[in-house]
Structure formats: C-alpha cells, structure tokens
Amino acid sequence: QMFAEIDINNSQGVTWSEFLGYLIKNGFADAYEPITKYVPLPMEETIPVRKLERLIYLPKLDKLAVLDAKDHHVRLYRPVGKGYELYRTLPGSNVLGITYLEDRAHVLVSSIDAKIRTYDTNMHWRPGPVLTCPTAQISFTYAPIMRLLYSGGITGAIHCWNPWSWKEKISFKHAHKDIVTDLKVITNTSLLGSASLDSRIILWDMMTGHSHTELVGHQKGVLSLAYSSEFRILVSAGVEREPFVWNPTANSILFRLKGHPSPLLAVELLDGSPGRVSGAQSGPVRTWAYRRLEL
C-alpha cells in the first residue's frame with residue numbers, strides 16, 4: 001500500500017522525487033531547495049592520454065592521478081588556474097590503483113605485477129618498501145580508527161596491512177568470487193564495505209575480521225561505493241543502470257535512482273552538499289539531491 005502511494009505515476013518503480021515527495025507530504029521531511037546547477041568551466045589545457053584506464057583524485061594531496069595503459073609511469077597533475085599542470089611522474093607500468101595515506105605521508109601504487117610500491121611524500125617522494133601480494137591489487141581504503149590499510153585483489157581476496165610495519169596483518173582469501181572493485185570504510189562504525197564484479201556488497205567487521213552482513217539487491221557487477229557519514233547512506237553503482245541507496249546498518253535498500261541510459265562506472269558523494277554525482281559508461285554525468293533522513 002505504501003509503495004502504491006509513493007508510485008504516483010504507476011511506473012512500477014520509485015524515483016527519488018516521488019519518495020521525497022511522499023515524505024514531505026506525510027510530514028517525515030521538510031521541503032528542500034533544488035541542488036545547485038553545475039556548469040563546465042573552460043579549460044586552458046587538456047591532459048594528454050593515449051589509452052586511459054583510470055582517473056583517481058587524491059583529495060588530501062589535491063592531485064589528479066592519470067593511469068594510462070600506454071605509459072610506463074603514473075602521472076600526477078595539480079590544478080593551476082583553469083587547467084592542470086604535470087606535477088610528478090612515478091615509475092610503473094600497467095598500474096591498477098593508487099592511494100594516499102595521510103597518516104603516513106605515503107603514496108601507494110599497485111601494478112599488475114602484484115606489487116604495491118610506496119613513496120614517502122615527506123622525503124621528496126623517496127621510494128619506500130615494496131609490498132608483495134599474492135595477486136594484483138586494484139582497490140584501496142584506509143581505516144583511520146583502526147590504523148589499517150585494506151586492499152582488494154583481482155581474484156576476490158581482501159588484504160589488511162599495517163602501514164607502519166608494511167606487513168600484512170590478515171587476509172580474507174575468499175571474500176568475493178571476482179575482482180574487488182571498491183572498498184569503503186563506513187565512518188563512525190567498525191564496518192568496512194567491499195564491492196565486486198560478483199554482484200555482491202559485503203560489510204565486514206574490522207574488529208573481528210569476519211563478515212557482518214551482505215547487502216542483497218544487485219544482480220550484476222558493482223563497480224563503485226560511496227558513503228556519507230552526515231546522511232548515513234551508502235550508495236552503490238555498477239553494471240546496472242540504477243544506483244542503489246542503502247541504509248547499511250539496517251541492511252535495506254532505501255530506493256533506486258533512475259535516469260542513466262547505460263551501465264554506471266562511478267558514484268561520488270559531495271561533502272558539504274546535499275547531493276551526489278553518478279557517471280555512466282555513455283551519456284551524462286548526473287547530480288542528485290538528497291536530504292538527511294532519520295532512519
């Protein structure tokens with residue numbers, strides 16, 4: 001009955017506008033202002049690429065990492081005026097991932113050779129220890145409260161590292177059945193979320209090292225996760241055209257966001273703004289507005 005009341009267009013699906021409209025109508029939420037309109041800024045220069053694999057922004061460094069399959073190094077760019085200029089290159093071919101550990105002031109770069117190379121940004125980017133993994137690692141996340149680094153591999157395993165000794169602490173060898181595409185710490189909890197091409201999202205208890213629960217809903221591969229500690233929601237995106245919005249502590253889907261014409265590559269929550277951004281394989285990048293809901 002509630003679903004029928006929300007689905008005012010009888011589309012057999014619920015959009016965010018319909019869901020929020022229902023909440024406002026029934027006094028569960030306040031009316032909201034529409035999200036700010038975003039417009040592209042002119043770029044004085046473009047970043048040259050030959051076969052782009054990934055673009056990864058490192059917010060604590062304010063650098064953009066360009067992973068180009070044709071390069072034998074990683075290129076880091078810094079914003080200058082209306083464009084970017086090359087800041088530094090790091091050696092490595094067939095690079096799969098890169099991350100920055102602020103607590104250790106180290107950049108980590110993973111390659112197809114199953115190595116994770118470290119660089120000390122406080123010591124003029126001096127190369128540090130090289131971590132050897134059973135398989136190549138593609139995703140990273142750092143848990144500040146636990147002071148631990150997590151990485152996800154191409155065979156579905158998740159590895160936990162001590163970034164002060166650079167030793168592996170524990171591994172979940174059979175966490176997933178396919179590539180671990182993304183890892184996300186659920187802030188202010190002891191939970192770690194992992195996404196995979198096997199269509200599964202699993203929440204892990206970092207205190208015990210055991211799986212806590214599984215978020216069931218995706219039928220196809222999941223490529224990206226984003227979490228908002230302010231709004232207490234987890235958003236997942238992947239091969240399906242609809243981003244899923246979850247209450248991770250209740251193991252429930254709040255709603256799905258319709259509007260993309262093709263599979264989704266990434267999703268990002270905008271800090272300090274009631275909005276999120278999702279990007280598809282083809283078609284537009286979309287912004288969505290949301291409000292804080294007491295769940």
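Description of the structure in this document. (Residues numbered from 1 in each chain as written. Predicted model: local features only at pLDDT ≥ 70, side-chain atom pairs only at ≥ 80, totals over all residues. Heavy atoms only, no water.)

1. So, the side chain of serine 236
Here comes step 1: Note that serine 236 resides in strand 18 (residues 233–238).
Here comes step 2: For serine 236, a relative accessible area of 0% gives the class buried.
Here comes step 3: Looking at serine 236, its side chain comes within polar contact range of the side chain of histidine 218, at 2.7 Å. (Helix = DSSP H or I, 4+ residues; strand = E, 2+ residues; numbered from the N terminus. Buried < 20%, exposed > 50% of the residue type's maximum accessible area, 1.4 Å probe, protein only. Polar contact = N/O pair within 3.5 Å; in protein donor to acceptor, adjacent residues only side chain to side chain.)

2. Regarding empty space enclosed by the protein
Here comes step 1: Applying the stated criterion to the full structure yields 2 cavities of 30 Å³ or more.
Here comes step 2: Leu67, Asp68, Ala69, Asp71, His73, Val74, Gly92, Ser93, Asn94 and Val95 are the residues that line the second largest cavity.
Here comes step 3: Those elements giving two or more residues to the lining of the second largest cavity turn out to be strand 2 (63–68) and strand 3 (73–80).
Here comes step 4: When its residues are assigned to classes, the lining of the second largest cavity shows 4 nonpolar, 4 polar and 2 charged. (1 Å grid on protein atoms, 1.4 Å probe; cavity = no way out; pocket = protein on both sides within 12 Å on 5 of 7 lines; lining within 4 Å. Points joined across faces, edges and corners; volume = space filled by probe spheres on them. Nonpolar A, V, L, I, M, F, W, Y, C, P; charged D, E, K, R; others polar.)

3. Focus on the sheet that holds strand 5 (residues 95–101)
Here comes step 1: Across the sheet, 4 strands lie side by side as 5-6-7-8; this open sheet has antiparallel pairing. Strands with a single pairing partner mark the edges of an open sheet, and in this sheet they are strand 5 and strand 8 (126–132). Strand-to-strand twist of the sheet, defined as the mean angle between neighbouring strand axes without regard to direction, takes the value 20 degrees.
Here comes step 2: Direction of pairing for strand 7 (residues 115–120) relative to strand 8: antiparallel, over a ladder of 5 bridges. (Pairing = 2+ DSSP bridges. Axes fitted to C-alpha atoms, helices over the stretch in contact; angles between N-to-C directions.)

4. Some details on the sheet that holds strand 13 (residues 180–186)
Here comes step 1: Across the sheet, which stays open at both edges, the 4 strands sit in the order 13-14-15-16 with antiparallel pairing between neighbours. With one partner strand each, in any of the chains shown, strand 13 and strand 16 (210–215) form the two edges of the open sheet. Along the sheet, successive strands turn relative to each other by an average axial angle of 25 degrees, direction set aside.
Here comes step 2: Pairing geometry for strand 15 (residues 201–205) and strand 16, over 5 bridges, is antiparallel. The residue bridging aspartate 205 from the neighbouring strand is histidine 210, located in strand 16.

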